[in-house]
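Below are the chains, spelled out letter by letter.
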Amino acid sequence: MDRESFIHLTKPVAAGSTTASPLQVVIYAQALFAILDHSLRRSPDQERVIGTLLGVRSEDGSEIEIRNCFAVGHNESQEQVEVDMDYHKQMYNLHLKANPKEVLVGWYATSPELNTFSALIQNFYASNGDGTHPYPAVHLTVSSNPGKDITCRTYISSSVGTTADRAADSCLFVPVPYEIKYAETERNALESLSLGKASSDRQVSNIVDIHSLEAGIIELLEMVSRVSNYVSQILAGETLPSVAIGQALLNTLNLAPKVDASELEKLFNTHLQDVLLVSYLANTIRTQIDLSNKLASTVGTIATPPKTDHKRQQKERD
Amino acid sequence: MADISTIKSVRVDALVALRIVKHATGVYPTTVYGSLLGMEVDGVLQITNAFPFPTSAEGDDSSSSALTPKNKGVMWYQNEMIKCLREVNVDANNVGWYQSTTLGNFINSNFIENQAHYQSQMNERTVALIYDSTRSAQGGLAIKAYRLTPQFMVAYKENKFSSENLIKHNLTYKDILQEVPLTLYNSHLAISLLHQLSIPPQPPSNLPVSVSSLTNPPTYPQPNFPVSTNFNALDLTIDPILEKSCDLILESIEAHNTEANNAAYYQRSLAREQTKITAWQQKRKTENSVRAAQKLPPLAEDEWQKLFKLPQEPSRLDSLLISRQVEQYARQVDGVTATSSAKLFALNGGIPRF
């Protein structure tokens, strides 16, 4: 995703406005997927859809993690905008029940455009009472135009000096930096999902452990060959050498354990034996359970329990 | 009841998978439950949305059953949520539920009750998704879809799991659950996002100055982390998983022993009662023959039914479930050992010897 550079300054806090201090926004991938899903489900006549962002705020309010979101229905015409606030409140309460830690942090829209209506909605989300006041509300725009990259932008608002009757529908959107993050397990899931990104039916089937192992090994081999290419290029004098990279490589190579061959053989064998023993016993137990059930149904009773317990003790020796 | 063949496979949206993962990871190792939404198209159950159940249902104590789909508070929550989601064009059909588990220890009466509750409704198209958080941490995504088989549902409705009944329905422990093939599905937009996320960050144009600048790059704000292969799958610590599997199997065997002892106890008391009955019948016969000799009317010979009570056969359901659970563990161990031994061999070949 492209990102623009911008400068962020702490301004003196004007009376009545929300704090506009620099802010770091973290977006979790799950929320993005949910927004895209909502974007797919909009009515054909809707330009954009909006929803509420839920997440966690750090204690001083300087970092906001967007973890979840839900869609809110709204109607937009040339003259006016209508957001279903009752719906928003009801959903928010329902979400709080399932996950009390995730609170209201802002809202999203699925078009990159900012207009008067955006300001109006933004002012609602940042308002006192139902909104995020005294913290700033985050506005996340996700563009999903066909043929273009999916672009995210995050903003917070700051009030602008206008006449009192225009204050409700005007505000200044200040862009803030953001970051997309995944939790470790979420990453595993994303990785499995992205296995299907190159296939035409957009599906992934048959998720097995051994596949992720294979993918890992292939990736590792690629990295090794990349490094060895780089080194041979330097040796041939084609690329500029760097002391730092050389040092880092040397440090890494030194991590390889120095083990005695016979010692290693022994370690390898004991570990392998453990693994195979557990596998063997698990299968034996399965067979015995099967047998026990067969006997039970033929005799019409449950047969005596399989005598597996003494075998199991061996396993615990590690 | 709907025929089992109505659902040939399950298609899970990326969003659903991520929601479940997030929910389960957030409160690991507690078991979490949630609802699945979607629709069935030509035998493929498309699951397009999911939401978690509340952590504590109102008006109920937080016992383990309070969080399951059968609970009233949860039912209310689920209905409210579906009502709300319908307004924003989400497929508002409840198509099942999900549950997290560690190393596949999900087969218990609770699971059966929940799924049976879903499958007992008319025209149902429901599955239970099982997400294994422990195995997913090893790399990959361990999600499986299950349904109860029709013959099990019939037996469950009669609520009689005697040996005789099991034979009548031809039900063994292997026929309790049916795994439904599962595919993961990405929308076009999701694919586009995934592609964008996997673009690696631009390498810095100038050469690094020192080793520390390589290990902690000072490029703040950090560029988006690319979704690249992570190397959890290459992790060599296999012992904890094996140990945990052993523990779980042992536990199941204990349970199996208890069940077997119960059954043996029933057998013994049944045999004892039967000997008593035969003895009584014998006695009554001789009495009657004596009475016949004395020309007296014979005494009733079936009076023993009132005098003796045959013990009730204990339900075989638990023992079936335990057997199925053991099978599940054993298959899982098979999978784990396959990858572990591959890793071990790779390591053995790869380490330089001195």
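Every value quoted in this text rests on a predicted model; they were computed, and no experiment measured them.

*Asks:* How would you summarise the domain arrangement of chain B if you had to cite specific residues and measurements?
*Replies:* Residue and element names in this part refer to chain B. For chain B, the domain assignment lists domain 1 (4-189) and domain 2 (240-350). With centres defined by C-alpha atoms, the gap from domain 1 to domain 2 works out at 30 Å. Each partner contributes to the interface: domain 1 provides 25 residues, whereas domain 2 provides 18 residues. The tally of links from domain 1 across to domain 2 stands at 0 salt bridges. Summed over the shared surface of domain 1 and domain 2, the result is 4 residue pairs in polar contact (both at pLDDT 80 or more). Of all elements in the fold, only helix 3 (109-119), helix 4 (133-136) and helix 6 (163-169) reach the threshold of two or more residues within the side of domain 1 that touches domain 2.

*Asks:* Kindly report on the interface of chain A and chain B, identifying the contributing residues and their values.
*Replies:* Contact residues are listed per partner, giving 112 residues for chain A and 113 residues for chain B. Taking both partners together, chain A and chain B bury about 10400 Å²; carbon and sulfur atoms supply 63% of that area. Inspection of the chain A/chain B interface yields 4 salt bridges. Of the charged contacts in the structure, one is a salt bridge between Asp 290 of chain A and Lys 174 of chain B, with a shortest N-O distance of 3.4 Å. Residue contributions to the side of chain A that touches chain B peak at 19 residues, all from helix 7 (residues 261-299) of chain A. Split into classes, the residues belonging to the side of chain A that touches chain B amount to 49 nonpolar, 33 polar and 30 charged.

*Asks:* Tell me about the environment of Leu 321 of chain B, and name the residues and values.
*Replies:* All names here are of chain B. By the element assignment, Leu 321 lies in helix 11 (residues 317-350). Through-space distance from the C-alpha of Leu 321 to that of Ala 346 is 38 Å; in sequence the pair is 25 residues apart. Setting aside residues no more than four positions away along its own chain, Leu 321 makes contact with Ile 107, Asn 108, Ser 109, Ile 112 and Ile 176.

*Asks:* Describe in detail the sheet that holds strand 8 (residues 151-158) of chain A, supporting the description with residues and values.
*Replies:* Whether parallel or antiparallel, the strands of a sheet pair through hydrogen bonds between backbone atoms. All names here are of chain A. Ordered by their spatial adjacency, 8 strands build an open sheet running 9-8-7-6-2-3-1-10, and the pairing between neighbours is mixed. One side of each edge strand has no neighbouring strand; the edge strands of this open sheet are strand 9 (172-176) and strand 10 (178-181). Shown here is a sheet whose adjacent strand axes are inclined to one another by a mean of 35 degrees, direction ignored. In the sheet, strand 7 (residues 138-143) pairs with strand 8 via 5 bridges, with the strands oriented antiparallel. Across the sheet, Thr 141 pairs through a bridge with Arg 153, a residue of strand 8. Along the sheet, helix 2 (residues 85-98) contacts strand 2 (50-57), strand 3 (63-72) and strand 6 (103-109); its crossing angle with strand 3, the most-contacted strand, is approximately 120 degrees. Seen against the sheet, helix 3 (residues 116-125) touches strand 2, strand 3, strand 6, strand 7, strand 8 and strand 9 and runs at an angle of roughly 175 degrees to strand 6.

Reading the values: the criteria
Residues numbered from 1 in each chain as written. Chains lettered and ligands numbered in written order. Predicted model: local features only at pLDDT ≥ 70, side-chain atom pairs only at ≥ 80, totals over all residues. Heavy atoms only, no water. Domains from an automatic or database assignment. Contact = heavy atoms within 4.5 Å. Salt bridge = Lys/Arg side-chain N within 4 Å of Asp/Glu carboxyl O. Polar contact = N/O pair within 3.5 Å; in protein donor to acceptor, adjacent residues only side chain to side chain. Helix = DSSP H or I, 4+ residues; strand = E, 2+ residues; numbered from the N terminus. Buried area = accessible area lost by both parts, 1.4 Å probe. Nonpolar A, V, L, I, M, F, W, Y, C, P; charged D, E, K, R; others polar. Pairing = 2+ DSSP bridges. Axes fitted to C-alpha atoms, helices over the stretch in contact; angles between N-to-C directions.

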